[in-house]
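# Working through the structure, step by step
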Amino acid sequence: MSPRQDTDTLLQSLDPAKASRIDAHRSRSDLVRILSTDPSKAHSSPKKRTYRRPAVLGGAVAAVTAGLLVLPGLTGGDQAFATWTAVPSGMSAKERHDVAEECRASNRDVGGGMYRDDLATAKVAISERRGAWTTVVLAGQGGFSALCITDDSFQLFGKSRMGSIGGPANTAPLGPRDLRSMALGTGTMGAGDISLAAGEAGSAVVAMTYQSKTQGEVAATVSLGRFALWLPGEELRDASSAGMDVMVTYDDGTTGVRTLSFEE
């Protein structure tokens, strides 16, 4: 079995949506084994399967190759997501370039470099700021996507970062009003739990919002056929299987409620 197949199988075993086909005891064992891995030793040997250091909670992996990746920074930074905002702000051209290159670099060695060609040609689809946090989505051919959420308040030694990388399980063309989830669920990083929804959007989709129980209305960024939103907390822990309702605005001014899940 290849490293990619081995990692995919392990990650998918943690998805509640797969529970009918995956032994529950094995899922718990896999989760314990992943979360107990020492990140400082993650790259010590090319034979180890733990170099991706995933913290996967709530099945955030079924539609992407690598699922959620958590790269903890040192102490400090924007603790408890204190500066996070429900509505994102834009970035300057230089900021967009810098954070995109940082995202490429941070993913270059994932899977032994298996995504380097995709990363090199991927375009910046989304680049936004929510307080001290930046979100970047790099979009490539065949639905390839690399997403990085970074605490930019870290000035020295390291940053707290979460993301995903890979391609969709379903590569069928999207209709103009369709949505396809590629990362959906909850993970944990230095500042606490984070809930994330990201994926592909049809050409007629121009805006999207999520009504959070804890944060109020959270606006997604929709750009170049991709969407992304995230919020502090574990609210979307079960979204991969239970679904997540979002309000979508289309280019003709109409709106409608859509449910995101990995079973769309």
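Residues numbered from 1 in each chain as written. Predicted model: local features only at pLDDT ≥ 70, side-chain atom pairs only at ≥ 80, totals over all residues. Heavy atoms only, no water.

### Structural notes on the state of the cysteines
- Overall, the coordinates contain 1 disulfide when judged by the stated rule.
- Residue Cys 103 pairs covalently with Cys 148 via a disulfide, S to S 2.1 Å. Here Cys 103 and Cys 148 share a disulfide; its torsion about the S-S bond, 80 degrees, makes the bridge right-handed. Placement of the pair is Cys 103 in helix 3 (residues 93–107) and Cys 148 in strand 4 (residues 145–151), with a sequence separation of 45 residues. (Disulfide = S-S within 2.5 Å. Helix = DSSP H or I, 4+ residues; strand = E, 2+ residues; numbered from the N terminus.)

### Describing the sheet that holds strand 11 (residues 226–232)
- Spatial strand order, 6-7-11-10: 4 strands in an open sheet with antiparallel pairing. Of all the strands in the sheet, just strand 6 (179–189) and strand 10 (221–223) have a single pairing partner and so form its edges. When the angles between neighbouring strand axes are averaged without regard to direction, this sheet yields 15 degrees. (Pairing = 2+ DSSP bridges. Axes fitted to C-alpha atoms, helices over the stretch in contact; angles between N-to-C directions.)

### Focus on the sheet that holds strand 12 (residues 244–250)
- Taken in spatial order, the 4 strands make up an open sheet running 9-8-12-13, and their pairing is antiparallel. Since the sheet does not close on itself, it has two edges, and those belong to strand 9 (216–219) and strand 13 (255–260), each with one partner. The average undirected angle you get between the axes of adjacent strands in this sheet is 35 degrees.
- For strand 8 (residues 205–212) and strand 12, the ladder comprises 4 bridges, and the chain directions are antiparallel. Bridge pairing in strand 12 places Met 208 opposite Val 248.

### With respect to helix 3
- An ideal rise of 1.5 Å per residue puts 21 Å on 15 residues; helix 3 measures up with 22 Å between its terminal C-alpha atoms.
- Of the residues making up helix 3, those classed as buried are Val 99, Ala 100, Cys 103, Arg 104 and Asn 107. Looking straight down helix 3, one finds that the buried residues subtend no more than 145 degrees of arc, so they occupy a single side. (Expected span 1.5 Å × (residues − 1). Buried < 20%, exposed > 50% of the residue type's maximum accessible area, 1.4 Å probe, protein only. Arc of directions from axis to C-beta.)

### Observations concerning the side chain of Ser 181
- Positionally, Ser 181 belongs in strand 6.
- A relative accessible area of 5% places Ser 181 in the buried class.
- Separated by 3.4 Å, the side chain of Ser 181 and the backbone oxygen of Ser 261 make a polar contact. (Polar contact = N/O pair within 3.5 Å; in protein donor to acceptor, adjacent residues only side chain to side chain.)

### Examining the pairing of strand 2 (residues 123–130)
- Counting buried residues along strand 2, 6 of its 8 residues qualify, which places the element largely inside the surrounding structure.
- Adjacent in sequence and paired antiparallel, strand 2 and strand 3 (residues 133–139) are bridged by 2 residues, among which Gly 131 carries a positive phi angle near 65 degrees.

### Let's talk about the nonpolar core
- In terms of nonpolar packing, the biggest core is built from 42 residues, with Leu 179 and Met 244 touching the most fellow members.
- Look past the residues within four positions of Met 244 in its chain and what remains in contact with it is Leu 184, Ala 197, Tyr 210, Leu 229, Leu 236, Ala 239, Arg 258, Thr 259 and Leu 260.
- The next biggest cluster of nonpolar side chains, apart from the first, holds 14 residues, and it includes Ala 100, Cys 103, Ala 122 and Ile 165. (Core = buried A, V, L, I, M, F, W, Y, C linked by side-chain atoms within 4.5 Å. Contact = heavy atoms within 4.5 Å.)

### Regarding the packing of aromatic side chains
- On inspection of all chains with the given rule, the structure shows 5 aromatic pairs.
- Consider the rings of Tyr 115 and Phe 144, whose centres lie 6.0 Å apart with planes at 35 degrees: the pair is tilted. Note that Tyr 115 is positioned in the loop between helix 3 and helix 4 (116–121) and Phe 144 in the loop between strand 3 and strand 4, a separation of 29 residues in sequence.
- Of the residues examined, Phe 144 reaches a relative accessible area of 4% and is grouped as buried. (Phe/Tyr/Trp six-rings, centres within 6.5 Å; stacked < 30°, edge-to-face > 60°.)

### Describing the environment of Ala 100
- Here Ala 100 lies in helix 3.
- Put simply, Ala 100 and Ala 122 are 22 residues apart on the chain and 10.0 Å apart in space, counted from C-alpha to C-alpha.

### Overview of the pattern of salt bridges
- Inspection of the entire model under this criterion finds 10 salt bridges.
- Note that Arg 104 and Glu 101 form a salt bridge whose closest N and O atoms lie 3.0 Å from each other. Taken as a pair, Arg 104 and Glu 101 lie in helix 3 at a separation of 3 residues, close to a single helical turn.
- The residue Glu 102 makes a salt bridge to Arg 161 at a minimum N-O spacing of 3.2 Å. Here Arg 161 lies in strand 5 (residues 161–166) and Glu 102 lies in helix 3, a separation of 59 residues in the sequence.
- Via salt bridges that share partners, Glu 95, Arg 129 and Asp 152 belong to a single interconnected network. (Salt bridge = Lys/Arg side-chain N within 4 Å of Asp/Glu carboxyl O.)

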